[in-house]
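Structure assessment
Each chain, letter by letter, is given below.
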Amino acid sequence: MIMEGFTPIEANLIWAVLLIALISIGYGFWLWRQVQHKAADEIAAAGATLVSGTQVYLAAGRGMLAVAVLGGAVLMAASALLAAPGAAAVQQFGSTAEAQTWVAIGRAGALLIGAGSVLLIAWLGLGASAQANMALIPAARKGYPQALQVAYRPGSSSGLLTAGLGLLVSTAIVLVYGAVSVDILLSFALGGVLVAIWLAVSSGIGASAADTALFPTDEPGVSGSAGLQHPVTVAGLVQRSASRVAAVAADLFGTMEIALVAALIPGLMLADIASGATGDGLYAFSFVLFPLVLRAIGIVATIIGTLLIRTDERKRNARAAINRGLYIGAALALVAALGISYIIVRRPDAAVFDWRPFCAVFTGVVLALLAIKISEYFTSSSAQPVKLVSRFSAHGAPPAS
Amino acid sequence: MGSANGAEAGMWNLLLLAALVLSSASIYGNEPPATHFLSIGYGIALSAIGLLMLGGMLSGMQALPSIAEGGAAIGDLTALEKNPRNVIDDLTFVGKTISVSSRSVSMLAAGSALIALLGASYLSFWANQTGGDVPELFNSSIFAPLVLVGLFIGAALPMLIISLALAALPRVAASIAQPTARDPQASKAAEAEGKPTTEQAKLPADATLALRNSTSATMPVLIVLLSLAVAVPLLVDFLFGLESLGGMLGGLVVAGLLLALNQTAAGSTWEQALSYIEDGNIGGKNSSAHRAVVLSAAVGRAFQRPASEVVIALIKGIALISLIVAPIIGSLRQPGQSFGISIGIAVLVFLAAFAWSVLSKPASTGSGQLSTKKTTKR
């Protein structure tokens with residue numbers, strides 16, 4: 001079984017991964033506390049509609065969501081009971097019947113846990129975002145740096161909660177289910193993705209619909225006015241924060257789990273090939289451990305990068321502050337990934353350091369920074385494309401295609 | 001213009017995905033056959049994890065504008081002073097770009113994670129069916145790394161074509177308007193020098209010149225597009241091989257058709273909406289609905305003709321050129337040749353293209369200024 005034969009280093013790394021996951025959840029929750037607006041003043045009175053709006057939004061679609069999630073869990077369990085279990089599952093649990101039962105329980109449970117965690121994160125994130133809307137006012141009175149902190153923290157909080165919860169549960173699944181964990185992790189990811197679809201459809205379409213409804217028209221009775229007294233504005237703001245905070249976190253959750261499963265499927269097969277004969281139940285654990293460790297490194301780098309997002313009253317440059325956090329975070333992540341891979345990743349044939357997995361990670365990190373640069377170029381008002389569009393718009397419609 | 005930018009940004013992001021797959025394929029290029037594709041899949045998945053390493057920061061970036069907008073709405077109610085108001089407005093403004101750039105990373109990560117997942121599942125399913133062996137046939141399946149590289153390049157091509165076609169519009173428009181509005185001497189000279197054929201004789205001299213100028217103004221675009229049509233299949237086939245070329249053609253046809261069909265339908269809807277409103281519905285001419293729809297109709301016209309027609313024509317051209325090129329390159333390449341050097345060349349080409357795309361921007365800025373001046377005169 002995959003659990004046996006850890007080297008001490010590998011065992012310590014697993015503990016480190018679990019610890020970092022918990023730290024991530026704790027830090028995410030601390031950030032969440034930081035943006036709460038506690039004073040009962042006129043700001044709280046004005047923002048009350050947003051706070052209650054988030055509750056109404058989450059309650060409005062819950063029937064549909066419950067049907068999808070519970071139905072999904074039942075189908076997952078049924079799928080495990082109907083299909084013959086794989087050879088690895090039988091090897092691990094002793095008999096076919098037992099393998100089927102454990103996989104069925106794991107699948108249904110993982111789907112529920114996945115959906116539950118994403119819902120929890122969405123609920124916390126929406127609350128934090130409504131609170132931060134209010135907390136932004138006193139922060140902006142204090143100055144630009146404080147306002148940037150408040151505006152950045154809610155999303156960062158839900159991102160860290162997502163990364164931490166996802167890593168904690170996935171590591172637990174890998175430890176318990178070993179070679180069968182791919183099956184269970186797929187279901188865990190699906191649970192999150194179901195909620196993500198629900199969030200994306202309801203908030204994405206809802207927010208744009210609110211914009212459309214507020215578009216000034218000639219029709220009598222439909223006013224183009226905005227403001228928190230206008231019910232459509234409130235709905236639009238709530239749904240926009242749902243789409244930019246909650247749906248983003250849910251999307252992050254799904255992609256992270258999919259990437260992990262994508263690494264584990266070939267990873268497990270390679271681990272099997274690397275250790276003894278194929279199908280003998282012996283695995284080289286580093287192939288499975290490395291992706292988990294990478295995610296833990298990412299969390300540490302994110303926390304450090306988030307702490308580095310600072311600007312001062314003189315510069316007032318949010319983009320430079322965030323970019324600095326990103327670059328330093330990415331550099332730290334790469335250094336740490338190189339160090340860890342030097343310790344645990346060995347070529348199966350020659351027991352020397354295998355630099356190739358690190359290179360793949362390097363590509364990913366660098367491409368992420370490149371992608372940010374590219375869309376910054378195409379959408380930032382200080383670069384050519386936006387200036388060009390604005391210039392053409394200055395003389396009416398036609399060439400503004 | 002906005003749509004041309006969008007297409008260009010989309011192209012670069014697709015090429016990033018191609019680069020991601022390619023880098024794993026070259027990192028694990030020397031793996032023995034039994035673990036070759038497994039390792040590449042593992043590498044792609046690790047790259048996807050790498051893309052999302054700073055996921056927590058990305059989600060913080062995406063939330064920024066919505067927090068600021070909500071704060072601004074509350075500020076409206078509580079009579080916020082000018083300075084904090086400016087702070088919040090700036091955060092909203094900067095936040096929107098920051099949010100878009102992090103969203104594109106999430107989308108790329110989702111794309112690469114999905115490729116890795118589907119490819120790995122496909123591979124493991126295949127390995128189970130054949131008892132552990134990964135047959136060489138996988139090499140030409142749709143999830144084979146080199147096919148994927150081709151697929152993304154092919155899907156990026158229509159984006160590039162459409163962005164080139166749309167970006168040329170303002171320049172050509174300027175060249176039509178220029179002689180008639182600014183250079184009466186030139187048009188007179190043309191009248192004097194011209195030996196009008198029967199067709200030209202029916203046209204006023206200004207119109208002849210406008211037509212001639214606008215046609216010749218489209219020639220640079222034509223040259224660029226044609227050289228693309230020849231160069232891309234050649235390069236793809238030469239650098240990555242026949243599987244990649246096949247993938248490229250598949251991606252090209254699907255993405256090109258999707259783009260052209262979408263733009264034709266959307267464009268025609270916008271144009272029809274203009275006629276409908278001008279017929280006196282929903283307020284008729286000079287209503288706010290009319291002002292809004294005039295812009296959409298202009299975009300719609302650009303979408304229908306230049307965009308979709310150019311894309312369809314070039315799809316056909318590239319496909320035919322590929323078929324002619326493939327056997328020639330095939331006969332040049334030694335079997336089993338490693339593509340280590342080719343990747344170096346590919347990276348150089350990629351960088352050169354990027355530099356070219358950035359450097360070529362000032363030219364179109366110039367023409368933009370020209371046409372702005374012209375309109376203000378009018």
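Treat the numbers as computed from the prediction; the structure is a model and nothing was measured.

**Notes on the overall build of chain B**
Within chain B, the regular secondary structure consists of 13 helices and zero strands. Listed by position from the N terminus, the elements making up chain B come as α-α-α-α-α-α-α-α-α-α-α-α-α. Expressed as a percentage of the 378 residues in chain B, the buried residues total 51%. Residue pairs in contact within chain B that sit at least 24 positions apart in sequence constitute 76% of those at least 6 positions apart.

**Looking at the overall build of chain A**
Within chain A one finds twelve helices and zero strands. Starting at the N terminus and walking to the C terminus, you meet the elements of chain A as α-α-α-α-α-α-α-α-α-α-α-α. Within chain A, the proportion of its 401 residues that are buried is 56%. Taking the intrachain contacts of chain A between residues at least 6 apart in sequence as the baseline, contacts between residues at least 24 apart amount to 75%. As displayed, chain A has an accessible area near 16000 Å², and 70% of this comes from carbon and sulfur atoms.

**Structural notes on the packing of helix α6 (residues 144-177) of chain A against helix α9 (residues 286-307) of chain A**
Residue and element names in this part refer to chain A. The interhelical angle for the contact between α6 and α9, taken along N-to-C directions, is 160°, at an axis separation of 11 Å. The pairing of α6 with α9 is recorded here as roughly antiparallel in orientation. In this structure, the crossing between α6 and α9 has a hand that is left-handed. Contacts between α6 and α9 involve Tyr 152, Ser 156, Leu 160, Ala 163, Gly 164, Gly 166, Leu 167, Ser 170, Thr 171 and Val 174 on the former and, on the latter, Val 288, Leu 292, Arg 295, Ala 296, Ile 299, Thr 302, Ile 303 and Thr 306. Residue classes in the contact of α6 with α9 are distributed as ten nonpolar, seven polar and one charged.

**Comments concerning the packing of helix α1 (residues 8-34) of chain A against α9 of chain A**
For any two helices packed against each other, the geometry comes down to the angle between their axes and how far apart the axes lie. Residues and elements named next belong to chain A. Look at α1 against α9: their axes get within 9 Å of each other, and the N-to-C directions meet at 35°. Between α1 and α9 lies a crossing whose hand is left-handed. Facing Glu 10, Leu 13, Ile 14, Val 17, Ile 20, Ile 23, Ser 24 and Tyr 27 of α1, the residues of α9 in contact are Ser 286, Leu 289, Leu 292, Val 293, Ala 296, Ile 299, Val 300, Ile 303 and Leu 307. Here the contact of α1 with α9 is composed, by residue class, of 14 nonpolar, two polar and one charged.

**Examining the nonpolar core**
In terms of nonpolar packing, the biggest core is built from 221 residues, with Leu 199 of chain A together with Leu 91 and Ile 153 of chain B touching the most fellow members. The element best represented in this core is helix α8 (residues 231-274) of chain A, accounting for 22 residues. Domain assignment of the residues forming this core places at least three in each of domain 1 (1-19 + 144-378) and domain 2 (31-142) of chain B. If near-sequence neighbours (up to four positions away) are discounted, Leu 91 of chain B is found in contact with Leu 136, Tyr 144, Ala 147, Leu 148, Ala 151 and Ala 318 of chain A together with Leu 64 and Ala 68 of chain B.

**A closer look at helix α11 (residues 356-379) of chain A**
For α11 of chain A, built from 24 residues, the straight-helix expectation of 34 Å at 1.5 Å per residue is met to within 8% by its first-to-last C-alpha distance of 35 Å. A large share of α11 of chain A lies buried, amounting to 17 of its 24 residues.

**Overview of the interface of chain A and chain B**
Contact residues are listed per partner, giving 109 residues for chain A and 106 residues for chain B. Carbon and sulfur atoms make up 75% of the surface buried where chain A meets chain B, a total of about 8900 Å² over both sides. For the interface between chain A and chain B, the tally reads two salt bridges. A salt bridge links Glu 81 of chain B to Arg 141 of chain A, with the shortest nitrogen-to-oxygen separation between them at 2.8 Å. At the level of elements, α2 (42-60), α5 (96-142), α6, α8, α9, α10 (318-344), α11 and α12 (384-393) of chain A are the ones that each hand at least two residues to the side of chain A that touches chain B. The element contributing the most residues to the side of chain A that touches chain B is α8 of chain A, with 22 residues. When grouped by side-chain class, the residues that make up the side of chain A that touches chain B number 70 nonpolar, 27 polar and twelve charged.

**Quick look at the side chain of Ser 181 of chain A**
All names here are of chain A. In this structure, Ser 181 sits in helix α7 (residues 181-214). Classification of Ser 181 as buried rests on a relative accessible area of 1%. Residue contacts for Ser 181: discarding those within four places in its chain leaves Ile 173, Val 174 and Leu 264.

**With respect to the environment of Val 238 of chain A**
When you line up the elements, Val 238 of chain A lands in helix α8. With 112 residues separating them along the chain, Val 238 of chain A and Leu 126 of chain A place their C-alpha atoms 8.2 Å apart.

**Points about the pattern of salt bridges**
Counted according to the given criterion, the structure contains nine salt bridges over all chains. Across the pair Arg 356 of chain A and Asp 354 of chain A runs a salt bridge, and its minimum N-O distance is 3.0 Å. For the pair Arg 356 of chain A and Asp 354 of chain A, one class covers both residues: buried. A single salt-bridge network, built from bridges that share partners, covers Arg 240 of chain A together with Glu 69 and Lys 96 of chain B.

**What about the environment of Gly 41 of chain B?**
Position of Gly 41 of chain B relative to the elements: it lies in helix α2 (residues 33-51). On a C-alpha basis, the gap between Gly 41 of chain B and Val 21 of chain B in space is 8.9 Å, while along the polypeptide they are 20 residues apart. With residues up to four places along the chain from it excluded, the contact list for Gly 41 of chain B reads Pro 266 of chain A together with Ala 116 of chain B.

**Focus on the packing of aromatic side chains**
Residue and element names in this part refer to chain A. With the rule as written, the count across this model stands at nine aromatic pairs over all chains. Summarising the aromatic geometry, the rings of Phe 188 and Phe 253 are spaced 5.2 Å apart at their centres and angled 70° between planes, so their arrangement reads as edge-to-face. Here the residue Phe 188 occupies a position in helix α7, and Phe 253 occupies one in helix α8, the gap between them amounting to 65 residues. A single burial state applies to Phe 188 and to Phe 253, both of which are buried.

**With respect to a nonpolar patch on the surface**
Residue and element names in this part refer to chain A. Taken together, the side chains of Val 300, Ile 304, Tyr 327, Ile 328 and Leu 332 present a nonpolar region at the surface, about 360 Å² in accessible area. When contributions to the nonpolar patch are tallied by element, the ones reaching two or more residues are α9 and α10. Sort the elements by how many residues they give to the nonpolar patch and α10 lands first, with three residues. With a relative accessible area of 33%, Ile 304 lands in the partly exposed category.

**Overview of the confidence of the model for chain B**
Residue and element names in this part refer to chain B. Mean pLDDT over chain B stands at 75; residues scoring 70 or higher make up 76%. α2 holds the highest mean pLDDT among the elements of chain B, 87, whereas helix α13 (residues 361-377) holds the lowest, 36. Here residues 179-184 scores under 50 on pLDDT; set against residues more than four positions off or in separate chains, the count is eight contacts. A low-confidence stretch, residues 195-201 (pLDDT under 50), is modelled with four contacts involving residues beyond four sequence positions or located in other chains.

About the cut-offs
- Residues numbered from 1 in each chain as written.
- Chains lettered and ligands numbered in written order.
- Predicted model: local features only at pLDDT ≥ 70, side-chain atom pairs only at ≥ 80, totals over all residues.
- Heavy atoms only, no water.
- Helix = DSSP H or I, 4+ residues; strand = E, 2+ residues; numbered from the N terminus.
- Buried < 20%, exposed > 50% of the residue type's maximum accessible area, 1.4 Å probe, protein only.
- Contact = heavy atoms within 4.5 Å.
- Areas by Shrake-Rupley, 256 points an atom, 1.4 Å probe, with all protein chains shown as cover.
- Axes fitted to C-alpha atoms, helices over the stretch in contact; angles between N-to-C directions.
- Parallel < 35°, antiparallel > 145°, perpendicular 65-115°, else oblique.
- Left-handed = near helix turned anticlockwise from the far one by under 90°.
- Nonpolar A, V, L, I, M, F, W, Y, C, P; charged D, E, K, R; others polar.
- Core = buried A, V, L, I, M, F, W, Y, C linked by side-chain atoms within 4.5 Å.
- Domains from an automatic or database assignment.
- Expected span 1.5 Å × (residues − 1).
- Buried area = accessible area lost by both parts, 1.4 Å probe.
- Salt bridge = Lys/Arg side-chain N within 4 Å of Asp/Glu carboxyl O.
- Phe/Tyr/Trp six-rings, centres within 6.5 Å; stacked < 30°, edge-to-face > 60°.
- Patch = residues over 30% accessible without salt bridge, like charges linked within 9 Å, V, L, I, M, F, W, Y side chains within 5 Å.
- pLDDT = per-residue confidence, 0-100.

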